[in-house]
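Chain by chain, the residues run as shown.
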Amino acid sequence: MGRKVLVLAELKDNKLRNVSFEAIAAAKTIAEGGEVVSLLLGESVESLANELVQYGADRVVVVEDEKLAQYSSDGFSQAVLAVVEEEDPEAIVFGHTALGKDLSPKVASKLDAGLVSDVVDVEVTGGNVVFTRPIYSGKAFEKKIVTDGLIFVTVRPNNIPALEKDESRTGDVSKVDVEIKDLRTIIKEVVKKTSEGVDLSEAKVVVAGGRGLKSAEGFKLLDELAEVLGGAVGASRGACDAGYCDYSLQIGQTGKVVTPDLYIAVGISGAIQHLAGMSNSKVIVAINKDPEANIFKIADYGIVGDLFEVVPKLTEELKKLKVNA
Amino acid sequence: MNIYVLLKRTFDTEERITISGGRINEDGAEFIINPYDEYAVEEAIQVRDEHGGEVTVVTVGGEDAEKQLRTALAMGADKAVLINIEDDLDVTDQYTTAKIIATYLGDKEPDLILAGNVAIDNGTGQVGPRVADLLGIPYITTITDLKIDGDKVTVVKDVEGDEETIETTLPLLVTAQQGLNEPRYPSLPGIMKAKKKPLDELELDDLDLDEDDVEAKTKTIEVFLPPAKSAGKVLEGELDDQVKELVSLLHNEAKVI
Ligand SMILES: Cc1cc2nc3c(=O)[nH]c(=O)nc-3n(C[C@H](O)[C@H](O)[C@H](O)COP(=O)(O)OP(=O)(O)OC[C@H]3O[C@@H](n4cnc5c(N)ncnc54)[C@H](O)[C@@H]3O)c2cc1C
Ligand SMILES: Cc1cc2nc3c(=O)[nH]c(=O)nc-3n(C[C@H](O)[C@H](O)[C@H](O)COP(=O)(O)OP(=O)(O)OC[C@H]3O[C@@H](n4cnc5c(N)ncnc54)[C@H](O)[C@@H]3O)c2cc1C
């Protein structure tokens, strides 16, 4: 028994993203004892394969090609499909990231398969693999099953816990040659706007600011708060549009979806499009001067007050806690 | 230029969501054009005005979607097509929807197809890329800028906040991200004109499709609301004490710091 599951690993700045390890954990559940094969694509990436094994992959297949140095749906789909043909898996798991969202529908279409996107939970009940996913901008959830053929899902980052890293685990790493050809879309230029440091979509603590911060200068208040907490800084659309910070910090339906342990919303009103990107956070704190602000409806803890007074005090108090610990 | 927009009628998720009989309760709910599809309609109109041609808006859905199609016509689209599946299909998924749309577009020789990046209700973002694949044309998702020069196309794609400038060629499918443009409101003359613009209605039969050809590959077995959050705790008292209490709660009660 058991299913063979193929999992796509994903890189950011030449490092494996956490979601790749979470996808392996999801694959383990789906596999029910079957083999979990991780797939690693890129120009020169073989050295990373072992880490995938340490996080639970039984085996790693590597496809290296200079045309895979940058993502393109044509190039990556050719590599994935070649490996799918060779491995013949019963299930496939991708991360629900910009790359996964772009690539998975094409691969599903080529395989004539269904696709369950943006999964936050996987369980096996009564012989069925059941997936939970948010719908209606996160206001509701649905449970889905695959009724015909291949099981294909993408998993939302930071929801399915990765397995404990086990450095003693070993597994086979093999290379497959795939001829990558006819790329129809060519990346001419990449303007990096994402800052170094903690990856927002994978951060355990997010401090997010809104239009209430009033200026780019004001927005800097959040840097220090995020730093004491070891977290990342995020923003509402309002703050991005007003030019207080870069769009790469935007959280919500059009921005990043985050699920940290702690989300601190500062001067954010709580529009539905913003909530769609953070309402699944484990603990939510709201700091807003308007007691009627929508953000308080989903907050676990709230302080009604002027953020310019509250945030510096909070940063100080957290520093004290750190010193005492 | 032969331009198509894929438009979905969606539940306005700003509304309160309730469940009855295991489904999202749609009685009395507000339905809108999926917001990302409004960007697609706007961009299509701008491309047509610059390069000439015709904009056709296509929806797979039921009779009720006529309203949203008329709105797109009032914005300035030229024609609308409703592929009405109400009577034929009970269960559909993205596989179904994409296959129906691609079958319809199969003999239309589109130069440019615009879709939304994601539908705000079901939210998978699958339909655009699936349709492109079935038609054998390239696609670029989440675009914030589009320039067309002959057959050459340059787009800016949003990738988790980074910007990629990508070159490709027509025919092409793109999906719209917020920031692409500011959708116009239908004008009064636009609304009057829209009443006379063609809105064709088709069924699966007209596309030579059987229910079996488009049978869904996935199924929803349960819909539920998240457990009601106990009302959050709004702190009181002197600000200094509130801050101390918050830190203590986060440390000792929630245990997240
Ligand atoms: C298709 C579409 C997609 C969208 N996608 C997103 C998205 O992905 N992410 C997103 O965030 N938004 C998105 N939006 C925009 C969204 O609707 C809101 O406009 C936006 O989230 C508002 O940002 P804000 O909360 O910072 O600003 P506002 O709504 O203006 O709120 C500012 C808040 O700051 C408070 N405040 C002001 N001064 C102080 C002070 N001194 N101390 C404390 N509090 C103070 C105010 O009380 C207010 O609640 C989208 C909209 C559309 C139409
Ligand atoms: C009669 C009926 C029954 C249904 N039954 C089910 C069901 O049982 N289970 C279920 O999960 N869903 C069901 N749906 C919903 C439907 O299957 C999906 O919502 C649809 O496939 C689109 O998927 P999505 O919302 O993920 O869109 P996305 O892939 O997120 O949409 C992206 C973009 O694709 C385009 N697009 C999407 N849908 C359409 C469309 N219908 N017409 C034109 N363009 C479109 C738009 O440009 C949109 O912005 C049903 C719908 C109808 C009308």
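How each quantity is defined
- Residues numbered from 1 in each chain as written.
- Chains lettered and ligands numbered in written order.
- Predicted model: local features only at pLDDT ≥ 70, side-chain atom pairs only at ≥ 80, totals over all residues.
- Heavy atoms only, no water.
- UniProt positions renumbered as here; feature names shortened; annotations may be inferred.
- Axes fitted to C-alpha atoms, helices over the stretch in contact; angles between N-to-C directions.
- Helix = DSSP H or I, 4+ residues; strand = E, 2+ residues; numbered from the N terminus.
- Parallel < 35°, antiparallel > 145°, perpendicular 65-115°, else oblique.
- Left-handed = near helix turned anticlockwise from the far one by under 90°.
- Contact = heavy atoms within 4.5 Å.
- Nonpolar A, V, L, I, M, F, W, Y, C, P; charged D, E, K, R; others polar.
- Pairing = 2+ DSSP bridges.
- Domains from an automatic or database assignment.
- Buried area = accessible area lost by both parts, 1.4 Å probe.
- Salt bridge = Lys/Arg side-chain N within 4 Å of Asp/Glu carboxyl O.
- Polar contact = N/O pair within 3.5 Å; in protein donor to acceptor, adjacent residues only side chain to side chain.
- Near = heavy atom within 4 Å.
- Areas by Shrake-Rupley, 256 points an atom, 1.4 Å probe, with all protein chains shown as cover.
- Buried < 20%, exposed > 50% of the residue type's maximum accessible area, 1.4 Å probe, protein only.

- The name that an unreviewed UniProt entry assigns to chain B is Electron transfer flavoprotein subunit beta, with the source organism given as Pallidibacillus pasinlerensis.
- Quoted verbatim from the Subunit (unreviewed entry) field of the UniProt record, the comment on chain B reads "Heterodimer of an alpha and a beta subunit."

- The name given to chain A in an unreviewed UniProt entry is Electron transfer flavoprotein subunit alpha/FixB family protein, with the source organism recorded as Pallidibacillus pasinlerensis.
- What the UniProt record of chain A gives under Sequence similarities (unreviewed entry) is the line "Belongs to the ETF alpha-subunit/FixB family."

Details of the packing of helix H4 (residues 98–110) of chain A against helix H4 (residues 127–135) of chain B
In step 1: Packing of H4 of chain A against H4 of chain B leaves a shortest axis separation of 8 Å and a crossing angle of 45°. Between H4 of chain A and H4 of chain B, the angle falls in the class oblique. Read as a crossing pair, H4 of chain A and H4 of chain B show a hand that is right-handed. Only Pro 129, Arg 130, Asp 133 and Leu 134 of chain B of H4 of chain B make contact with H4 of chain A, whose side of the interface consists of Asp 102, Pro 105, Lys 106, Ala 108, Ser 109 and Lys 110 of chain A.
In step 2: Class assignment for the residues of the contact of H4 of chain A with H4 of chain B results in four nonpolar, one polar and five charged.

Section: the sheet that holds strand S1 (residues 5–8) of chain A
Residues and elements named next belong to chain A.
In step 1: Taken together, seven strands build an open sheet; the order of strands is S7-S11-S6-S1-S4-S5-S12 and the sheet is parallel. Two strands close off the open sheet at either side, each with one partner strand: strand S7 (116–119) and strand S12 (172–175). This sheet shows a mean twist of 25° between the axes of neighbouring strands, independent of strand direction.
In step 2: Where helix H3 (residues 73–87) meets the sheet, it contacts S1, strand S4 (36–42), strand S5 (59–64) and strand S6 (91–95), and its direction lies at approximately 150° from that of S4.

Considerations on the domain arrangement of chain A
Residues and elements named next belong to chain A.
In step 1: Under the domain assignment used here, chain A contains domain 1 (5–175) and domain 2 (205–324).
In step 2: Between domain 1 and domain 2, the contact holds nine residues from the first and nine residues from the second.
In step 3: Interface of domain 1 and domain 2: buried area, both sides summed, is about 700 Å²; carbon and sulfur atoms make up 42% of it.
In step 4: Area buried by domain 1 at its contact with domain 2 is led by Ser 137, Arg 156 and Asn 158, which between them contribute 60% of it.
In step 5: Here domain 1 and domain 2 share zero salt bridges between them.

Overview of the side chain of Lys 143 of chain A
In step 1: Locating Lys 143 of chain A in the fold gives a position in strand S10 (residues 140–146).
In step 2: Those residues in contact with Lys 143 of chain A, other than ones at most four positions away along the chain, are Glu 123, Val 130, Phe 131 and Thr 132 of chain A together with Lys 219, Thr 220, Ile 221, Glu 222 and Phe 224 of chain B.

Considering the interface of chain B and chain A
In step 1: Taken together, the 73 residues of chain B in the interface contact 75 residues of chain A.
In step 2: Around 6700 Å² of area is buried between chain B and chain A when both sides are counted, 54% of it from carbon and sulfur atoms.
In step 3: Area buried by chain B at its contact with chain A is led by Tyr 139, Glu 160 and Lys 217 of chain B, which between them contribute 11% of it.
In step 4: Its salt-bridge partner being Lys 313 of chain A, residue Asp 240 of chain B comes within 3.0 Å of it at the nearest N-O pair.
In step 5: Run the count over chain B and chain A and you get 45 residue pairs in polar contact (both at pLDDT 80 or more).
In step 6: Those elements that place two or more of their residues in the side of chain B that touches chain A are helix H3 (94–105), H4, strand S9 (139–149), strand S10 (152–159), strand S11 (162–169), strand S14 (218–224), strand S15 (233–234) and helix H6 (239–253) of chain B.
In step 7: Residue contributions to the side of chain B that touches chain A peak at 11 residues, all from H6 of chain B.
In step 8: Each residue belonging to the side of chain B that touches chain A can be placed in one class, and the counts come to 31 nonpolar, 20 polar and 22 charged.
In step 9: In terms of strand pairing, strand S18 (residues 301–304) of chain A meets S15 of chain B through two bridges, oriented parallel.

Comments concerning the site of ligand 2
In step 1: Near ligand 2, the surroundings consist of 29 residues, among which Lys 8, Asp 37, Thr 92, Thr 97 and Thr 124 of chain B are the closest.
In step 2: Bordering ligand 2 are residues originating from chains A and B.
In step 3: Measuring from an oxygen atom of ligand 2, one finds a side-chain N or O atom of Lys 8 of chain B at 2.5 Å.
In step 4: The backbone of Ala 119 of chain B places a nitrogen or oxygen atom 2.9 Å from an oxygen atom of ligand 2.
In step 5: Computed on the free molecule, ligand 2 has an accessible area of 940 Å², of which 86% lies beneath the protein chains in the complex.
In step 6: When contributions to the shell around ligand 2 are tallied by element, the ones reaching two or more residues are strand S6 (54–61), H3 and strand S8 (112–116) of chain B.
In step 7: Broken down by element, the shell around ligand 2 gets its largest block of residues, four residues, from S6 of chain B.
In step 8: Residue composition of the shell around ligand 2, by class: 10 nonpolar, 13 polar and six charged.

Thoughts on the pattern of salt bridges
In step 1: Scanning the model with the defined rule gives 41 salt bridges over all chains in all.
In step 2: We note a salt bridge from Lys 4 of chain A to Glu 87 of chain A, for which the minimum N-O separation is 2.7 Å. Linking Lys 4 of chain A in the segment before S1 with Glu 87 of chain A in helix H3, this pair joins segments that are 83 residues apart in sequence. In terms of burial, Lys 4 of chain A and Glu 87 of chain A fall into one category: buried.
In step 3: Residues joined in a network through salt bridges with shared partners are Glu 10, Arg 17, Asp 199 and Glu 202 of chain A together with Glu 160 of chain B.

Structural notes on the packing of H3 of chain B against H4 of chain B
Residues and elements named next belong to chain B.
In step 1: Two elements in contact, H3 and H4, have axes separated by 9 Å at closest approach and are oriented at 45°. Classed by the angle they form, the pair H3 and H4 counts as oblique. Here H3 runs over H4; the crossing is right-handed. Facing Gln 94, Tyr 95, Thr 97, Ala 98, Lys 99, Ile 101, Ala 102 and Leu 105 of H3, the residues of H4 in contact are Val 127, Arg 130, Val 131, Leu 134 and Leu 135.
In step 2: Of the residues assigned to the contact of H3 with H4, the class counts are nine nonpolar, two polar and two charged.

Some points on unusual backbone geometry
In step 1: A cis amide bond links Leu 170 of chain B with the next residue in sequence, Pro 171 of chain B, at an omega value of -10°.
In step 2: Tracing the sequence through the fold places Pro 171 of chain B in the loop between S11 and strand S12 (172–176).
In step 3: Its identity is not glycine, yet Tyr 136 of chain A carries a phi of approximately 50°, on the positive side.
In step 4: For Tyr 136 of chain A, the position within the fold is in the loop between strand S9 (128–135) and S10.
In step 5: Take Tyr 136 of chain A: its relative accessible area is 10%, and that puts it in the buried class.
In step 6: Phi angles above zero are rare outside glycine, and Glu 160 of chain B is one such case at about 50°.
In step 7: The residue Glu 160 of chain B is located in the loop between S10 and S11 in this model.
In step 8: Under the relative-accessibility criterion, Glu 160 of chain B is labelled buried at 19%.

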